[in-house]
Amino acid sequence: MRVAFLGLGAIGRPMAARLIWAHSLVVWNRTKVRANEFTGAYKARAVYTPREAASRSEVVITCLPTSAEVEALLDGPDGLLAGLVPGSLMLDCTSGDPATSRRIAARLAEHQVDFADAPVSGGVNGAEAGTLTVMVGGSEAIFQRALPVLQEFGKRIELMGPVGSGHAMKAVNNALLGVNIVALGEGLAALVKAGVPAGKAVEVLNASSGRSFVSEHLVPERVLTGAWPRTFRLALLHKDAGIALDLLEEQGVGGAVMQMATDVLGVAREALGEDADYLEAIRFMEQEAGVEIRA
Ligand code: NDP
């Protein structure tokens, strides 16, 4: 298929790179140098505007920070709506918000363009390996149509329900990730201060019932080593937790735990800035507690 990919950020770039094996690819990125760097490395063509990307494609994929940036890309003489071909399909792999996606889907439907939200989980490594989990919100027919593209970077690809359901699922997943990060940061800081070696504390947790993906993978790889690689911005995790809180409120579900974790992530974001990695929330908690959690 002729596919356009818009947004060659930390996760978008490796996702787009996997598409070249089975599809004809055009790419667009706000900062042009990133698109040029991509086409220098992969068989793809860079275009100057979202309109041009859309006009050449049967499937248009977006992967931007939030739904607000995706919606903004629709408008204007160089926007997506000026180029999208009737009968084409737009897939939004942004971790976005359900309400904006429903609005985008309605606007595209007026132009006979299909839409599904298709956020992903599995990180930059999962994107490179083509093993992402993809959470799709849309109709069964659109889901089937999207599969040949999504399966290039996704391993588990699930239809969650109507438009917006993929984003709702992703937001809850990431809010839980945030809760785990914050709670583990608190627990480990206290244990280390109480004299328990950090490496041993993590080992014992991982042989016990308090373990999680964060304790089994993220903390050993990034916190115990003090490596702090930058793969997923803390600002984006904080955004996801906020989307989950909105969902809970809409559904009349109390969100005390998620609210507290979101607040901690927000304070860490404020202190560390927009480029900090999500695991650096624990670095912030270390600073607050006056301790380092290192092997
Ligand atoms: P990055 O911050 O690394 O990249 C963001 C991308 O969006 C860049 O291409 C950037 O362009 C572009 N962009 C930013 N603002 C605008 C704008 N106003 N108009 C047009 N383009 C814009 O983010 P990620 O790639 O990490 O994340 C993208 C989405 O995927 C987010 O929703 C995130 O939550 C989600 N996600 C990320 C994961 C990860 O591990 N990184 C994992 C799973 C989901 P420019 O180059 O010009 O700055």
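Residues numbered from 1 in each chain as written. Predicted model: local features only at pLDDT ≥ 70, side-chain atom pairs only at ≥ 80, totals over all residues. Heavy atoms only, no water.

## Some details on the domain arrangement of the protein
Then step 1. Domains assigned within the protein are domain 1 (2-162) and domain 2 (168-289).
Then step 2. Taking only C-alpha atoms into account, the centre of domain 1 sits 28 Å from that of domain 2.
Then step 3. Contacts between domain 1 and domain 2 engage 14 residues on the former and eleven residues on the latter.
Then step 4. Overall, the association of domain 1 and domain 2 removes approximately 910 Å² of surface from exposure, summing both partners, and the carbon and sulfur fraction of that is 68%.
Then step 5. Seen at the junction of domain 1 and domain 2, the total is zero salt bridges.
Then step 6. Summed over the shared surface of domain 1 and domain 2, the result is three residue pairs in polar contact (both at pLDDT 80 or more).
Then step 7. Those elements that provide at least two residues to the side of domain 1 that touches domain 2 are helix H5 (98-109) and strand S7 (120-121).
Then step 8. The residue inventory of the side of domain 1 that touches domain 2, partitioned by class, reads eight nonpolar, four polar and two charged. (Domains from an automatic or database assignment. Contact = heavy atoms within 4.5 Å. Buried area = accessible area lost by both parts, 1.4 Å probe. Salt bridge = Lys/Arg side-chain N within 4 Å of Asp/Glu carboxyl O. Polar contact = N/O pair within 3.5 Å; in protein donor to acceptor, adjacent residues only side chain to side chain. Helix = DSSP H or I, 4+ residues; strand = E, 2+ residues; numbered from the N terminus. Nonpolar A, V, L, I, M, F, W, Y, C, P; charged D, E, K, R; others polar.)

## Structural notes on the pairing of strand S2 (residues 24-28)
Then step 1. With respect to burial, S2 is a largely interior element, four of its five residues being buried.
Then step 2. Judged from the five bridges that link them, strand S1 (residues 2-6) and S2 form a sheet pairing that is parallel. Bridge pairing in S2 places Ala4 opposite Val26.
Then step 3. Handedness of the S1-helix H1 (residues 12-19)-S2 crossover: right-handed.
Then step 4. Crossover S2 to strand S3 (residues 45-46) through helix H2 (residues 32-41) is right-handed. (Buried < 20%, exposed > 50% of the residue type's maximum accessible area, 1.4 Å probe, protein only. Pairing = 2+ DSSP bridges. Right-handed = clockwise from strand over helix to strand, strands pointing away.)

## Re the pairing of strand S6 (residues 114-117)
Then step 1. As paired elements, strand S5 (residues 89-92) and S6 share four bridges and run parallel to each other. Considered in S6, the bridge of Met90 is made with Phe115.

## Considerations on the packing of aromatic side chains
Then step 1. Scanning all chains against the criterion turns up two aromatic pairs.
Then step 2. Ring geometry for Phe38 and Tyr42: centres 4.8 Å apart, planes at 40 degrees, overall tilted.
Then step 3. A ring pair is formed by Phe232 and Tyr278, whose centres lie 5.1 Å apart and whose planes are at 65 degrees; its orientation type is edge-to-face. Of this pair, Phe232 sits in the loop between helix H10 (213-223) and helix H11 (234-250) while Tyr278 is found in the loop between helix H12 (256-272) and helix H13 (280-289), placing the two residues 46 residues apart along the sequence.
Then step 4. Above the face of the Tyr48 ring, Lys32 is positioned so that its terminal group lies 4.0 Å from the ring centre. (Phe/Tyr/Trp six-rings, centres within 6.5 Å; stacked < 30°, edge-to-face > 60°. Lys NZ or Arg CZ within 6 Å of the ring centre and 35° of its normal.)

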